[in-house]
Amino acid sequence: MRFFYKRPNPKSVSEELETLMEVMVSDMFIYLDLFIFSLIFTMFMSPVIPSLFMKILFFLSSYAFFYSLYYFIVSKIMIKK
């Protein structure tokens, strides 16, 4: 069965991987990932948080915290390299 499968050439594989890496490290993808991570974190903490206003405030503060961690740690390291 292995003989029926034609392997792609390495050049096309490397081009696809480069495109994938460009998307994965783009700022928009990272901000979307931070948004989803903050949303999940807020959903896990929702039984402990008493009101809807506090849940929204917690979500915004967690997003701001994760965004600032990304900006001050990862972005500063990438600029120096």
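Above this note sits the structure.
Right, let's walk through the structure included here. Keep in mind it's a predicted model, so treat the numbers as computed, not measured. (Residues numbered from 1 in each chain as written. Predicted model: local features only at pLDDT ≥ 70, side-chain atom pairs only at ≥ 80, totals over all residues. Heavy atoms only, no water.)

**Structural notes on the overall build of the protein chain**
Consideration 1: Counting its secondary structure elements, the protein chain contains three helices and zero strands.
Consideration 2: Traced from its N-terminal end to its C-terminal end, the protein chain shows the element sequence α-α-α.
Consideration 3: Relative to a compact globule of 81 residues, whose C-alpha radius of gyration would be 12 Å, the protein chain shows 20 Å and is clearly more extended.
Consideration 4: With respect to the principal axes defined by its C-alpha atoms, the protein chain has extents near 60 × 40 × 15 Å.
Consideration 5: Burial status across the protein chain gives 12% buried among its 81 residues. (Helix = DSSP H or I, 4+ residues; strand = E, 2+ residues; numbered from the N terminus. Rg over C-alpha atoms; globule rule 2.2 N^0.38 Å. Buried < 20%, exposed > 50% of the residue type's maximum accessible area, 1.4 Å probe, protein only.)

**As for the packing of aromatic side chains**
Consideration 1: The tally for this structure, following the rule as stated, stands at 11 aromatic pairs.
Consideration 2: Note on Phe-35 and Phe-59: the rings are 5.3 Å apart at their centroids and 90° apart in plane angle, and the pair reads as edge-to-face. You can see Phe-35 sitting in helix 2 (residues 27-45) and its partner Phe-59 sitting in helix 3 (residues 52-80), a full 24 residues away along the chain.
Consideration 3: Take Phe-35: its relative accessible area is 38%, and that puts it in the partly exposed class.
Consideration 4: What links up through ring pairs into an aromatic cluster is the set Tyr-31, Phe-35, Phe-59, Tyr-63, Tyr-67, Tyr-70, Tyr-71 and Phe-72. (Phe/Tyr/Trp six-rings, centres within 6.5 Å; stacked < 30°, edge-to-face > 60°.)

**Comments concerning a nonpolar patch on the surface**
Consideration 1: Taken together, the side chains of Val-13, Leu-17, Leu-20, Met-21, Val-23, Met-24, Val-25 and Phe-29 make up a nonpolar region of the molecular surface, amounting to roughly 700 Å² of accessible area.
Consideration 2: The element contributing the most residues to the nonpolar patch is helix 1 (residues 10-24), with six residues.
Consideration 3: Along the polypeptide, Phe-29 turns up in helix 2.
Consideration 4: The class of Phe-29 is partly exposed, set by a relative accessible area of 33%. (Patch = residues over 30% accessible without salt bridge, like charges linked within 9 Å, V, L, I, M, F, W, Y side chains within 5 Å. Areas by Shrake-Rupley, 256 points an atom, 1.4 Å probe, with all protein chains shown as cover. Salt bridge = Lys/Arg side-chain N within 4 Å of Asp/Glu carboxyl O.)

**Looking at helix 2**
Consideration 1: For helix 2, built from 19 residues, the straight-helix expectation of 27 Å at 1.5 Å per residue is met to within 8% by its first-to-last C-alpha distance of 27 Å.
Consideration 2: Ile-30, Leu-34, Ser-38 and Thr-42 are the residues of helix 2 that are buried. The arc enclosing the buried residues of helix 2, seen along the axis, measures out at 110°, which places them on a common side. Those residues of helix 2 that are exposed and angled more than 90 degrees off the buried face are Met-28, Met-43 and Phe-44. (Expected span 1.5 Å × (residues − 1). Arc of directions from axis to C-beta.)

**Here's the deal with the environment of Ile-40**
Consideration 1: Topologically, Ile-40 is positioned in helix 2.
Consideration 2: What makes Ile-40 partly exposed here is its relative accessible area of 40%.
Consideration 3: Through-space distance from the C-alpha of Ile-40 to that of Phe-59 is 9.3 Å; in sequence the pair is 19 residues apart.

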